[in-house]
Amino acid sequence: MIREVLRMGDSRLLRRAQPVEAFGTPELAALIRDMRDTMAHLSGAGLAAPQIGVDLRVVIFGGGPTARYPDAAAVPDTVLINPVLTPLSEDEEGGWEGCLSVPGLRGWVPRWTSLQYAGFDEAGRAIDRRAEGFHARVVQHECDHLDGILYPMRIRDFSRFGFTEVLFPDAPGAGDD
């Protein structure tokens, strides 16, 4: 089922989400199914449970290029529960980000260039991966939602923050967020 995505300004997006304690449940499966449906419907690169009003440490991400990120490298389709991120260096790289909870806007956000992420899949099996580039950016963006952080909170230079259709008037889907 496609769920409503909360928008910036909704206080539920600013809370620290609670850990998942039971894996392999029908409720968790239904949540993940709804998250997948919602992300696909909106051509997102990822989605966090708090974005649909569910206060749990669950994110999904993955897929190939989308209308919103046409030049992005493919990211493995992943359900990541109770994630822990560890930077592999202090190196950062800026990049344009948007968010389904901040529609119509883009900002230049610094992120770690490489990281290790660990957590669990929906069945409780351990996940431990390394990521770099767009993959690392997506993981960091989605996991920020679990701590009540929206990407505009990470912007350092607000001259590089604005409406997608103004910043990128010729881009396909420029006003689609």
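Residues numbered from 1 in each chain as written. Predicted model: local features only at pLDDT ≥ 70, side-chain atom pairs only at ≥ 80, totals over all residues. Heavy atoms only, no water.

A. Spatial organisation of the layout of surface pockets. In this structure, the second largest pocket occupies an estimated 310 Å³ of space. Together, 15 residues line the second largest pocket, and L85, W112, Q140, D144 and R154 are the ones closest to its centre. When residues of the lining of the second largest pocket are traced back to their parent elements, those giving at least two are β3 (75–87), β5 (102–112) and α2 (133–145). Of the residues belonging to the lining of the second largest pocket, the class tally is 7 nonpolar, 1 polar and 7 charged. (1 Å grid on protein atoms, 1.4 Å probe; cavity = no way out; pocket = protein on both sides within 12 Å on 5 of 7 lines; lining within 4 Å. Points joined across faces, edges and corners; volume = space filled by probe spheres on them. Helix = DSSP H or I, 4+ residues; strand = E, 2+ residues; numbered from the N terminus. Nonpolar A, V, L, I, M, F, W, Y, C, P; charged D, E, K, R; others polar.)

B. Looking closely at unusual backbone geometry. With a phi angle near 55°, S43 is a residue other than glycine that sits in the positive phi range. Note that S43 resides in the loop between α1 (26–41) and β1 (46–48). Positioned with a positive phi, N82 is a non-glycine residue whose angle comes to about 55°. With respect to the helices and strands, the residue N82 is situated in strand β3.

C. Structural context of the sheet that holds strand β6 (residues 114–120). The strand order β1-β2-β3-β6-β7 describes an open sheet built from 5 strands, whose pairing is antiparallel. The open sheet has two free edges, formed respectively by β1 and β7 (126–132), since each of these has just one partner strand. With strand direction ignored, the average angle separating the axes of adjacent strands in the sheet is 35°. Sheet topology note: the β3/β6 ladder contains 5 bridges and is antiparallel. For P87, the partnering residue across the bridge sits in β6 and is L115. In the packing of α1 onto the sheet, the strands contacted are β1, β2 (58–63) and β3, and the crossing angle to β2 comes to about 45°. Sheet strands in contact with α2 are β1, β2, β3, β6 and β7, and its direction is about 70° off that of β3. (Pairing = 2+ DSSP bridges. Axes fitted to C-alpha atoms, helices over the stretch in contact; angles between N-to-C directions. Contact = heavy atoms within 4.5 Å.)

D. Layout of the pattern of salt bridges. A full pass over the atoms with the stated rule returns 11 salt bridges. As a salt-bridge pair, E97 and R111 come within 2.9 Å of each other at their nearest N and O atoms. Placement of E97 in strand β4 (residues 92–99) and of R111 in strand β5 is noted, with a sequence separation of 14 residues between them. Given the relative accessible area of 3%, E97 is considered buried. Classification of R111 by relative accessible area gives buried; the value is 3%. Across the pair D121 and R125 runs a salt bridge, and its minimum N-O distance is 2.8 Å. Residues joined in a network through salt bridges with shared partners are E97, R111, R137, D144 and R154. (Salt bridge = Lys/Arg side-chain N within 4 Å of Asp/Glu carboxyl O. Buried < 20%, exposed > 50% of the residue type's maximum accessible area, 1.4 Å probe, protein only.)

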